[in-house]
Amino acid sequence: MRDFKSVAALIALATMPAMAPAADDAAALRAELQALKNDYNSRVDALEARIKQLETANAAAADAAMAMAAAPPPPPEPAPSGAPAGGASAFNPAISLILGGSFTGTSRDPADWHIAGFPPAGDEIGPGERSFNLGESELTFSASIDPYFSGVLTAAITGENEIEVEEAYFRTTALHNGLTIKGGRFFSGFGYLNEVHAHAWDFVDQPLAYQAMFGGQYKQNGVQVKWLAPTDLFLEFGAEAGNGDGYPATRLEKNGFNGVTLFTHLGGDIGDYTSWRVGGSWLTQRAEGREGGIPDADGFPLFDQFTGDSDTWVVDGVLKWAPSPRRQLKVQGEYLHRRESGEIADSLGTVLADNYRNTSSGWYLQSVYQFAPRWRVGARYDSLESDAPSYTFAPPDLLDASPDRVSLMLDWNPSEFSRLRAQYDWDNARDDGETDRIWRLQYIYGIGAHGAHKY
Amino acid sequence: MKFIRLTALLLVGAASLPANAALKVLATTPDWGALTQELGGDKVNVYVATTALQDVHRVEAKPSLVARARSADLVVATGAELEVGWLPVLIQESGNANIQKGARGYFEAASALRLLEVPSQVDRAMGDIHPDGNPHVQLDPHNILAVAHALTTRLAQLDPGQAAYYAARAKDFDTRWDAATKTWEAKAAPLRGAQVVIMHRDQVYLCHWLGLVEVASIEPKPGVPPTAAYLGTLVGKLTTTPPKLILLNAYNDPKAASWLSERIHTPAVTLPFSVGGSPEAKDLFGLFDDTINKLLAAFK
């Protein structure tokens, strides 16, 4: 009976617009209104029937629960209050799509941008090319797999017409006691910014420290185990292992894993308006024949390959103050410290030294203030430090490098789903005393399912 | 010692709930928190995720909330996508199988209600609309009662040992609520048919209950702040036939409403909207008492 009614309503809805005379707008509108009314009435009927059914079921369940206190029956599935979804497509995953792009202007040639004192960390860093640039279009699918797992795929379609798997992982949903296991490809959970997707960044690009030390973001191809402590204070511990496919690690020619990461985060509230989170992380990675060397003062690499250990630790902190739904202040900062040791070789693989050592570090501090419902302004300071590498026969004129950068940002958010941003950088990454002035205009739009953002 | 206790907790597992422990409830809004407290008494330990001065659409998945979700036996949410921007993250990050969607420890108030304004088509060009219907359900006492019944059932299922206790409290609440509802309806009778301007679509249930007639909304579309031009047209439209009241909520920015109020000589009344939204709205009874009192005071 219920089905018949909704089918009738559907037919009515489908045929109504066809019957309305197209010439007369008012008549068409009236017909549409009538169709809506009909649809609404039949829907109300259907819902009423369902509510009755539910109420009876609920009452029965309650009686049963009270009668035999031991094992109550499972609760009746809540009736969806929206339109009934049909057939196989009812199980379609949530789909969301992010569109992004920018316009870039630089005072120096972006083609020869490199960070002084740091080996090249992949091709996803730097200010990018001049003029209009299509950013990554991020396509995300997510759904529960079954009562035990959920799955997420985020694919990035680049402006260069390539498809990259940004993240593709399963996650457990049926474990107790604060345990969650994630597997596949995912942004590693260390620090604060590493897990944040590009469309949720507060600036156009990542801080220099992330660019120089992880090529932007470190993706783990492996497994993550997280445990949340049963305390009112937020306290989590995580451990990851992967295949090492991503700067500063490489894949290894042996069985086993590479890129072990340990992290912990602690967080809570101060009063009603302020929340905070701090963390500490440690990554131990290994590289075998990693290409690219630290540039000397003239920009030529001192070596071509590195084989050895790379250990990094990170401390991170974020504080948010939201005194009203229309104002928010967010302050965040991270410090990354890395030590690398091993052997270096030339492009033919001839070992140049087996006692190579280098220490580098980087930090940033940024603040974003939402001063009106739709407007945010932000400032960021970035700094890097690389000691001169030490090894036998190292050139004597090597100097410490200390690139830095200042960025200012203003963005306008007409809704939760759109953002237009302007950013200006004074970039001293090249460390030759000359500042690159970079300005960028960026758009970020989200369509499809309403995503939920992490803290 | 602490470490041993933690380890022991880990081993014992949350599945075997100690017989006399209070149910840990994470309520998304102060209203569901207050209702759970009414029904659960001292057998529940309620933590409320938001305050009446927050916009529940836009809440952060704060670490403190993830920590509460981790140990919750029951999540009481509104549903209908009201908490879509943050609750899924809490549930995901919680590592707590008991509160996953579809589990017994996950309760949605909307599942017990007939929602108003279920759109026949949805498009984001229409603003912040909710495909399942308007989720701001708490300002109709009949909705509160329907949710109370469903929630009592759920509490009894989660904590069968106390089923009789919950049933008794529910019965008591039922009687008091019924009487209070009759009083509110009698008091508010003069308001029936009064024309009002609302802020967002979140006073729709209140209007529906009291028979208030919405003639305009300060937000041109849900979630879209008014422009000067739009407010100008509102003034033009409302000057000739001024409405009786302009309604806004404790968490709203009062600027646009007071601007309009001056132009069209109509009082703007700030309603608590949620438990805690005004000093008088200490619990659900206070919320409705204060809402009706404020409406009547401004109406005169």
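The model shown is predicted, which means the values in this text are computed figures rather than measured ones. (Residues numbered from 1 in each chain as written. Chains lettered and ligands numbered in written order. Predicted model: local features only at pLDDT ≥ 70, side-chain atom pairs only at ≥ 80, totals over all residues.)

Asks: Would you mind going over the overall build of chain A with me for this structure?
Replies: Helix and strand content of chain A: 3 helices and 17 strands. Within chain A, the fraction of its 455 residues that count as buried is 32%. In chain A, the share of contacts with a sequence separation of at least 24, taken over all contacts with a separation of at least 6, comes to 58%. (Helix = DSSP H or I, 4+ residues; strand = E, 2+ residues; numbered from the N terminus. Buried ≥ 20, exposed ≤ 12 C-beta atoms within 10 Å, placed from the backbone. Contact = placed C-beta atoms within 7 Å.)

Asks: Where do I start with the overall build of chain B in this structure?
Replies: Looking only at helices and strands, chain B has 10 helices and 8 strands in total. On C-alpha atoms alone, chain B measures out to a radius of gyration of 21 Å, which is about the 19 Å that the 2.2 N^0.38 rule sets for 300 residues. Along the first, second and third principal axes, the C-alpha set of chain B runs to 70 × 40 × 40 Å. Out of the 300 residues belonging to chain B, those deemed buried represent 50%. The contacts in chain B between residues at least 6 apart in sequence include a share of 62% that link residues at least 24 apart. (Rg over C-alpha atoms; globule rule 2.2 N^0.38 Å.)

Asks: I keep staring at helix H4 (residues 87-94) of chain B and nothing clicks. Help me out?
Replies: Since the α-helix packs 3.6 residues into each turn, any two residues three or four apart lie on the same face. In terms of burial, H4(B) is a largely internal element, 6 of the 8 residues being buried. Taken together, the buried positions of H4(B) are occupied by B:Leu87, B:Val89, B:Leu90, B:Ile91, B:Glu93 and B:Ser94. In this structure, the buried residues of H4(B) make contact with strand E7 (219-228) of chain A together with helix H3 (63-71) and strand E3 (74-77) of chain B. Positive backbone phi, approximately 60°, marks B:Gly95, located one or two places after H4(B).

Asks: Looking at this model, I keep getting lost on H3(B). Mind explaining?
Replies: Of all the 9 residues making up H3(B), 9 are buried; the element is thus mostly covered by neighbouring parts of the structure. The complete set of buried residues in H3(B) reads B:Pro63, B:Ser64, B:Leu65, B:Val66, B:Ala67, B:Arg68, B:Ala69, B:Arg70 and B:Ser71.

Asks: Help me understand the pairing of strand E12 (residues 327-345) of chain A in this model?
Replies: All names here are of chain A. Note: strand E11 (residues 305-324) against E12, 18 bridges, orientation antiparallel. For aspartate 309, the partnering residue across the bridge sits in E12 and is serine 341. With antiparallel pairing between neighbouring strands as the criterion, E11 and E12 make up a hairpin whose turn holds 2 residues. In terms of strand pairing, E12 meets strand E13 (residues 351-372) through 17 bridges, oriented antiparallel. Residue pairing in the sheet places valine 331 in a bridge with serine 367 of E13. As consecutive antiparallel partners, E12 and E13 are separated by 5 residues, and within that stretch glycine 349 has a phi angle of approximately 95°, a positive value. (Pairing = 2+ DSSP bridges.)

Asks: How do you make sense of the confidence of the model for chain B when you look at a structure like this?
Replies: In regions of low pLDDT, the predicted coordinates are not meant to be interpreted in detail. Confidence in the prediction for chain B averages 91 pLDDT; 93% of positions are at 70 or higher. ipTM for the predicted complex: 0.88, alongside a pTM of 0.84. (pLDDT = per-residue confidence, 0-100.)

Asks: Which parts of the structure should I look at to understand the sheet that holds strand E2 (residues 44-48) of chain B?
Replies: Within a sheet, adjacent strands bond to each other through the backbone by hydrogen bonds, running parallel or antiparallel. All names here are of chain B. An order of E2-E1-E3-E4 is seen for the 4 strands of this open sheet, with the pairing classed as parallel. At either margin of the open sheet sits one strand with a lone partner, and together these are E2 and strand E4 (106-108). Across the sheet, the axes of successive neighbouring strands diverge by a mean angle of 20°, strand direction being ignored. In this sheet, E2 lies alongside strand E1 (residues 23-27) in parallel orientation, the contact comprising 5 bridges. (Axes fitted to C-alpha atoms, helices over the stretch in contact; angles between N-to-C directions.)

Asks: So what exactly am I meant to see when it comes to the packing of H3(B) against H4(B) here?
Replies: If you want to describe how two helices pack, look at the angle between their axes and the distance between the axes. All names here are of chain B. Running from N to C, H3 and H4 point in directions that differ by 55°, and their axes come no closer than 8 Å. Classified by the angle their axes make, H3 and H4 are oblique. When the axes of H3 and H4 are compared, the crossing they make is right-handed. Contacts from Leu65, Val66, Ala69 and Arg70 in H3 reach Leu90, Ile91, Glu93 and Ser94 in H4. (Parallel < 35°, antiparallel > 145°, perpendicular 65-115°, else oblique. Left-handed = near helix turned anticlockwise from the far one by under 90°.)

Asks: Sorry if this is basic, but what is going on with the sheet that holds strand E8 (residues 268-271) of chain B here?
Replies: Residues and elements named next belong to chain B. Taken in spatial order, the 4 strands of this open sheet run E6-E5-E7-E8, and their pairing is parallel. Each having just a single partner strand, strand E6 (213-217) and E8 make up the two edges of the open sheet. Recorded for the sheet is a direction-independent mean angle of 35° between the axes of neighbouring strands. In this structure, strand E5 (residues 195-198) lies alongside strand E7 (residues 245-249), joined through 2 bridges in parallel fashion. Paired with valine 197 across the strands is isoleucine 246, a residue of E7. Packed onto the sheet, helix H9 (residues 255-264) meets E5, E7 and E8 and runs at close to 170° relative to E7.

Asks: Is there a simple way to explain the environment of A:Phe214 in this structure?
Replies: All names here are of chain A. Examined against the element boundaries, phenylalanine 214 turns out to sit in helix H3 (residues 208-214). With 28 C-beta atoms packed within 10 Å, phenylalanine 214 lands in the buried category. In this structure, the C-alpha to C-alpha distance between phenylalanine 214 and valine 165, residues 49 residues apart in sequence, is 17 Å. With sequence-adjacent residues up to four places away left out, phenylalanine 214 is seen in contact with Ala121 and Tyr247.

Asks: In this structure, what is going on with the packing of helix H5 (residues 141-158) of chain B against helix H6 (residues 163-187) of chain B? I would like to understand it.
Replies: Residues and elements named next belong to chain B. Relative orientation of the contacting elements H5 and H6 amounts to 180°, with a least axis distance of 10 Å. Of the possible angle classes, the one that applies to H5 and H6 is roughly antiparallel. Residues Pro141, Ile144, Leu145, Ala148, Thr152, Leu155 and Ala156 of H5 lie in contact with H6, whose contacting residues are Ala163, Tyr166, Ala167, Ala170, Phe173, Trp177, Thr181 and Trp184. Among the residues making up the contact of H5 with H6, the classes are represented as 13 nonpolar, 2 polar and no charged. (Nonpolar A, V, L, I, M, F, W, Y, C, P; charged D, E, K, R; others polar.)

Asks: What exactly am I supposed to notice about unusual backbone geometry here?
Replies: With an omega dihedral of 10°, the bond running from A:Tyr247 to A:Pro248 counts as a cis peptide bond. Along the chain, the position of A:Pro248 falls in the loop between strand E8 (234-242) and strand E9 (258-270). In this model, B:Ala80 sits at a positive phi of 55°, which is unusual for a non-glycine residue. With respect to the helices, strands and loops of the structure, B:Ala80 is situated in the loop between E3 and H4. You will see that B:Glu117, though not glycine, has its phi angle at about 60°, which is positive.

Asks: What am I meant to see in the confidence of the model for chain A here?
Replies: Residues and elements named next belong to chain A. In the predicted model, chain A carries a mean pLDDT of 86, and 81% of its residues have values of at least 70. Across chain A, E8 holds the top mean pLDDT of 98, while helix H1 (residues 2-19) sits lowest at 44. In this model residues 7-23 is a low-confidence stretch, pLDDT under 50, and it forms 21 contacts with partners more than four residues away in sequence or in other chains. Segment residues 59-83 is flagged for pLDDT under 50; beyond a separation of four residues in sequence, or across chains, it makes 47 contacts in the model.

Asks: Which parts of the structure should I look at to understand the domain arrangement of chain B?
Replies: Interfaces are frequently sized by the accessible area removed from exposure as the parts join. Residue and element names in this part refer to chain B. Domain boundaries assigned for chain B yield domain 1 (20-183) and domain 2 (188-299). If you look at the interface, domain 1 gives 27 residues, while domain 2 gives 25 residues. Listed by contribution, the elements that provide at least two residues to the side of domain 1 that touches domain 2 are helix H2 (30-40) and H5. It is H2 that contributes the most residues to the side of domain 1 that touches domain 2, 5 residues altogether. (Domains from an automatic or database assignment.)

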